[in-house]
Amino acid sequence: MSLNSSSPAAVIVLAAGAGTRMKSALPKVLHPMAGRSLVGHALDAAASLSPEHLVAVVRHERERVVEHLLSHTPDLVIADQDDIPGTGRAVELGLQAIGDVTGTVVVTYGDVPLLTPETLNALVTEHQESANAVTVLSANVPDATGYGRIVRDDNGLVTEIVEHKDALKIAEDTGDTTIADITEINSGIYAFDGEVLARTLAEVTTDNVQGEKYLTDVLSLARAEGGRVATYVTEDLWEVEGVNDRVQLATLGAVLNRRITERWMREGVTIVDPSTTWIDVDVELDQDVTIKPNTQLHGKTQVATGAVIGPDTTLIDVVVGQDANIRRTEATEATIGQGAKVGPFTYIRPGTVLGETGKIGAFYETKNVNIGRGAKLSHLGYAGDADIGENTNIGCGNITANYDGVQKHRTVIGAEVRTGSNTVFTAPVSIGDGAYTAAGAVVRKDVPPGALTMNAVDQRIIEDWVLKRRPDTAAADAARKANEAS
């Protein structure tokens with residue numbers, strides 16, 4: 001992304017909280033949303049500013065969180081929150097992890113997933129162009145309950161931030177509801193002059209009811225030094241919403257998904273029912289893709305022009321070729337070729353590659369299989385650890401018996417092969433080009449090109465077996481009536 005502002009000296013992402021309201025063994029910032037963790041969204045937005053230093057402050061479930069953070073952003077600087085509570089202390093430790101900084105320092109949070117690079121950039125631009133000591137990202141909300149209020153002077157600059165409980169107490173003690181009625185709220189996201197931030201944080205104490213080192217105290221100290229404290233007001237309230245419980249996780253997830261689907265529709269994708277379509281942030285769709293209801297596209301799925309996906313389909317890290325059609329299917333880590341057809345009720349496991357114009361049909365499962373151009377696996381079967389040649393037709397009920405109880409083995413089926421219903425390929429085995437298998441064949445040996453393989457036994461018929469062995473059944477009654485009629 002191209003940014004207009006000068007890159008900040010540092011962005012500090014606060015990710016130390018326990019998130020107890022999530023009531024989860026999984027740390028709050030690691031909860032997923034649209035294919036990334038909450039903190040992953042925050043790190044991506046922060047990284048878009050190209051800061052000199054990108055820092056995450058951690059504490060709760062440190063090892064687990066740090067492992068995830070570094071897998072997402074390998075050059076991330078990790079700072080550890082100590083026993084002194086408060087956002088001010090967290091930022092102070094973040095600064096200590098990178099040493100003295102000169103320039104802009106942005107502070108944001110690991111549980112604010114909808115904050116965009118554009119808004120962060122606008123915050124930094126406003127901060128730098130106005131030569132502010134502190135710039136607060138704020139928003140006007142219909143109901144400010146629970147939020148700190150932005151209090152301004154006659155010039156529109158910020159004089160203080162009054163927390164919700166304090167605003168109510170002022171109203172109760174004085175009868176003046178002016179502060180409590182303010183609808184402009186503090187998001188907790190800031191741009192600071194780095195030198196001012198470091199200097200004033202050293203003066204902030206924990207001498208308050210909560211016993212915490214408040215980051216908001218920096219604002220009054222900066223103003224007392226003669227620094228300019230102002231705001232950048234975002235019109236998008238969702239960008240400053242944090243996730244504190246599962247309800248908010250679902251709510252913000254739905255908002256993000258709606259924005260993703262709207263973006264794709266504006267770029268030429270048909271989404272029949274956006275309310276039942278879920279698309280991760282890293283999914284790529286070409287123009288004239290059609291997505292039908294109850295479809296989920298996850299991970300790094302890519303869908304080419306003209307493909308139709310759904311209904312009732314889940315794709316995870318799947319590459320779909322032009323004009324392919326996939327319906328009522330679950331597929332993971334697979335490649336579906338141009339013009340290929342999949343479904344309904346198909347299970348595609350990792351390593352499946354379906355060639356151009358090929359087909360995997362109803363009630364079929366595949367895994368680690370290469371299927372050639374024009375080959376068809378139409379119904380009721382399993383193909384695993386196999387190579388299937390071009391234009392081969394696999395009959396109903398065929399399976400590759402690829403596991404001997406100890407090892408997996410591969411089946412190789414050539415081009416233009418025709419297999420009869422209920423053929424079993426006992427791997428390792430190879431079928432030559434143009435060969436046939438008879439219905440019910442169990443193939444244990446390699447079959448040369450153009451040959452027919454079968455397991456031939458004479459058909460045996462025992463007359464009146466049902467009448468003698470099952471005399472009181474409905475089948476016996478039906479047989480008796482048929483004999484009488486003939």
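Structure: above.
Calculation criteria
Residues numbered from 1 in each chain as written. Predicted model: local features only at pLDDT ≥ 70, side-chain atom pairs only at ≥ 80, totals over all residues. Heavy atoms only, no water. Helix = DSSP H or I, 4+ residues; strand = E, 2+ residues; numbered from the N terminus. Rg over C-alpha atoms; globule rule 2.2 N^0.38 Å. Contact = heavy atoms within 4.5 Å. Areas by Shrake-Rupley, 256 points an atom, 1.4 Å probe, with all protein chains shown as cover. Lys, Arg positive; Asp, Glu negative; His and termini not counted. Charge placed at Lys NZ, Arg CZ, Asp CG, Glu CD. Axes fitted to C-alpha atoms, helices over the stretch in contact; angles between N-to-C directions. Parallel < 35°, antiparallel > 145°, perpendicular 65-115°, else oblique. Left-handed = near helix turned anticlockwise from the far one by under 90°. Nonpolar A, V, L, I, M, F, W, Y, C, P; charged D, E, K, R; others polar. Core = buried A, V, L, I, M, F, W, Y, C linked by side-chain atoms within 4.5 Å. Buried < 20%, exposed > 50% of the residue type's maximum accessible area, 1.4 Å probe, protein only. Pairing = 2+ DSSP bridges. Salt bridge = Lys/Arg side-chain N within 4 Å of Asp/Glu carboxyl O. Arc of directions from axis to C-beta.

1. Some remarks on the overall build of the protein
A tally of helices and strands in the protein yields ten helices and 37 strands. The C-alpha atoms of the protein give 32 Å as radius of gyration, which overshoots the globular expectation for 486 residues (23 Å, by more than 25%). Each principal axis of the C-alpha atoms in the protein carries an extent, and together these give about 105 × 50 × 45 Å. Long-range contacts, defined as pairs at least 24 residues apart, comprise 40% of the intrachain contacts of the protein with a sequence gap of at least 6. Working note: accessible area of the protein is about 23100 Å², and carbon and sulfur atoms make up 49% of it. Positive and negative charge centroids in the protein, built from 42 and 66 side chains respectively, lie 12 Å apart.

2. Thoughts on the packing of helix α1 (residues 38-47) against helix α2 (residues 62-72)
Interaxial distance between α1 and α2 falls to 10 Å at its minimum, and their mutual angle equals 40°. Regarding the angle of α1 to α2, the classification is oblique. As α1 packs across α2, the resulting crossing turns out to be right-handed. Contact residues: α1 offers V39, G40, L43 and D44, while α2 offers H68, L69 and H72. Its residues assigned to classes, the contact of α1 with α2 comprises three nonpolar, three polar and one charged.

3. Focus: the nonpolar core
Ranked by size, the top nonpolar core spans 64 residues in total, and within it V134, L197 and L215 carry the most contacts. Element by element, the count of residues in this core is highest for strand β1 (residues 10-15), at six residues. Leave out the neighbours within four places in its chain, and V134 touches H127, Y190, A191, F192, V218, L219, A222, R228, V229 and A230. Residues V243, L249, A340 and A441 belong to the second largest nonpolar core, which totals 56 residues.

4. Focus on the pairing of strand β27 (residues 359-371)
Within a regular beta strand, the side chains point alternately toward one face of the sheet and then the other, so they alternate between its two faces. Where strand β24 (residues 341-342) and β27 come together, two bridges link them in parallel fashion. Bridging from a neighbouring strand, K341 pairs with K359 of β27. Pairing geometry for strand β25 (residues 346-348) and β27, over two bridges, is parallel. Residue pairing across strands places Y347 opposite E365, the latter belonging to β27. Note that strand β26 (residues 353-354) and β27 share two bridges and pair parallel. Across the sheet, V353 pairs through a bridge with N370, a residue of β27.

5. Describing unusual backbone geometry
Look at the link from G310 to P311: it is a cis peptide, with omega at 5°. Following G343, the chain continues to P344 via a peptide bond in cis, the omega torsion being 0°. On the secondary structure map, P344 appears in the loop between β24 and β25. With phi around 50°, K23 is a residue other than glycine that occupies positive phi space. For K23, the location among the structural elements is in the loop between β1 and β2 (32-33). On the basis of relative accessible area, K23 is assigned to the exposed category, the value being 73%. Even without glycine at this site, E416 takes up a positive phi of about 55°. Within the secondary structure, E416 sits in the loop between β31 (411-413) and β32 (418-419). E416 sits in the partly exposed class, given a relative accessible area of 39%.

6. Concerning the side chain of T314
Relative to the helices and strands, T314 is located in strand β19 (residues 313-316). If sequence neighbours within four positions are ignored, T314 has contacts with Q296, H298, T329, E330 and A331.

7. With respect to the pattern of salt bridges
All chains considered together, the criterion is met by 24 salt bridges. The partner of D312 in a salt bridge is R328, with the nearest N and O atoms 3.1 Å apart. Taken together, the positions of D312 in the loop between β18 (308-309) and β19 and R328 in the loop between β21 (325-326) and β22 (329-332) put the pair 16 residues apart, joining distant regions of the chain. On the basis of relative accessibility, which here comes to 33%, the residue D312 falls in the partly exposed class.

8. Describing helix α5 (residues 164-174)
Among the residues making up α5, those that are buried are H164, A167 and A171. Viewed end-on, α5 has its buried residues packed into an arc of 65°, placing them on one side of the element. For α5, the exposed residues lying more than 90 degrees away from the buried face are K165, E172, D173 and T174. Of the residues trailing α5, G175 is marked for its positive phi of about 80°.

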